[in-house]
Amino acid sequence: MYTVPKQFRKSGMLFPVLSKLSDMVGRRLRAEGLSGGTIVAFVGGVEQEGVGGSHRLGFFTSDSKEIYREARAMLINRFNSEDKAREFVPYIISVTVANLSLERKQVALFSYWNKRKSLLKALDKVTNKHGESSIMSAQSFLANHAIRDSVGFGRVKELNSNRRLKSLGRFK
């Protein structure tokens, strides 16, 4: 769960922050060799009631783009319109992947999936070398100044081995 800093609590920030959080979650899942089959998203406002839910996928993923797409669609559905979701002033935003599984070395039948995995691996390599802000989607770029890499994911004691911390980047 991420608390949006006060100066960024305004309409139009929901989807950029959700995108950035999805990027962070997907990257960390890939660093651990995990993928998930359920996406959970929640947003809460300062004066508005929280909205959220979960969606079980028909597949396992660690792709940030898929995580964002599923979380976004779920929240738009809960708000009953994209316009209402865009107008929402977020206080807290959460995106989580559940139903985790170790990623299997399975050969995909379609070349798209192989190309996508190769692309994600290359993007992660660049991001690990040059930092979280080196490569990102335009949507995530809008929230880059609003989010520091201090999400509690890195504070989970099961992930505190030296090997894993080096692969996940810096944590405060």
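So, how was this worked out
Residues numbered from 1 in each chain as written. Predicted model: local features only at pLDDT ≥ 70, side-chain atom pairs only at ≥ 80, totals over all residues. Heavy atoms only, no water. Helix = DSSP H or I, 4+ residues; strand = E, 2+ residues; numbered from the N terminus. Buried < 20%, exposed > 50% of the residue type's maximum accessible area, 1.4 Å probe, protein only. Contact = heavy atoms within 4.5 Å. Areas by Shrake-Rupley, 256 points an atom, 1.4 Å probe, with all protein chains shown as cover. Pairing = 2+ DSSP bridges. Core = buried A, V, L, I, M, F, W, Y, C linked by side-chain atoms within 4.5 Å. Axes fitted to C-alpha atoms, helices over the stretch in contact; angles between N-to-C directions. Parallel < 35°, antiparallel > 145°, perpendicular 65-115°, else oblique. Left-handed = near helix turned anticlockwise from the far one by under 90°. Expected span 1.5 Å × (residues − 1). Polar contact = N/O pair within 3.5 Å; in protein donor to acceptor, adjacent residues only side chain to side chain.

Quick notes on the overall build of the protein chain
Next, step 1: Each helix and strand in the protein chain was counted, giving six helices and four strands.
Next, step 2: Out of the 172 residues in the protein chain, the part that is buried amounts to 41%.
Next, step 3: Long-range contacts, defined here as pairs at least 24 residues apart, represent 76% of the contacts in the protein chain between residues at least 6 apart.
Next, step 4: Carbon and sulfur atoms provide 54% of the accessible area of the protein chain, an area that totals close to 10,200 Å².

Thoughts on the pairing of strand β3 (residues 51–61)
Next, step 1: One ladder, built from seven bridges, connects strand β2 (residues 34–45) with β3; its direction is antiparallel. Its bridge partner lying in β3, valine 43 is registered against valine 51.
Next, step 2: From the end of β2 to the start of β3, which pair antiparallel, there are five residues.

Looking at the nonpolar core
One recurring pattern in soluble globular proteins: nonpolar side chains tend to sit buried together.
Next, step 1: Residues Leu14, Leu18, Ile39, Val43, Ile93 and Val95 are the most contacted members of the largest nonpolar core, which totals 30 residues.
Next, step 2: Secondary-structure elements contributing two or more residues to this core are α1 (14–32), β2, β3, α2 (64–79) and β4 (90–102).
Next, step 3: If you tally residues by element for this core, the top one is α1, at eight residues.
Next, step 4: Apart from the residues lying within four places of it in its own chain, the contact partners of isoleucine 39 are Gly53, Ser54, His55, Leu57, Ile67, Glu70, Ala71, Met74, Val95, Thr96 and Val97.

Here we look at the sheet that holds β4
Next, step 1: One open sheet holds the four strands; their spatial order is β1-β4-β2-β3, and the pairing between them is antiparallel. Unpaired on one side and paired on the other, β1 (2–3) and β3 mark the two borders of the sheet.
Next, step 2: For β1 and β4, the ladder comprises two bridges, and the chain directions are antiparallel. The partner of tyrosine 2 across the bridge, within β4, is isoleucine 93.
Next, step 3: α1 contacts β1, β2, β3 and β4 of the sheet and is inclined by roughly 25° relative to β4.
Next, step 4: Lying on the sheet, α2 is in contact with β2, β3 and β4; it crosses β3 at an angle near 145°.

A short note on the packing of α1 against α2
Next, step 1: Contact pair α1 / α2: the axes reach a minimum separation of 8 Å and the direction vectors enclose 140°. Here α1 is positioned oblique relative to α2, judged by the angle of their axes. For the pair α1 and α2, the crossing hand works out as right-handed. Only Ser64, Ile67, Tyr68, Ala71, Arg72, Leu75, Ile76 and Phe79 of α2 make contact with α1, whose side of the interface consists of Leu14, Phe15, Leu18, Ser19, Ser22, Asp23, Val25, Gly26, Arg27, Leu29 and Arg30.

Points about α2
Next, step 1: With 16 residues, α2 extends 22 Å between its outermost C-alpha atoms, agreeing within 8% with the 22 Å of an ideal straight helix rising 1.5 Å per residue.
Next, step 2: Buried residues of α2: Ser64, Glu66, Ile67, Tyr68, Ala71, Arg72, Met74, Leu75, Ile76 and Phe79, and no others.
Next, step 3: Two or three places before lysine 65, at the opening of α2, aspartate 63 has a side-chain oxygen 3.0 Å from that residue's backbone nitrogen.
Next, step 4: Following α2 by one or two positions, asparagine 80 adopts a phi angle in the positive range, close to 70°.

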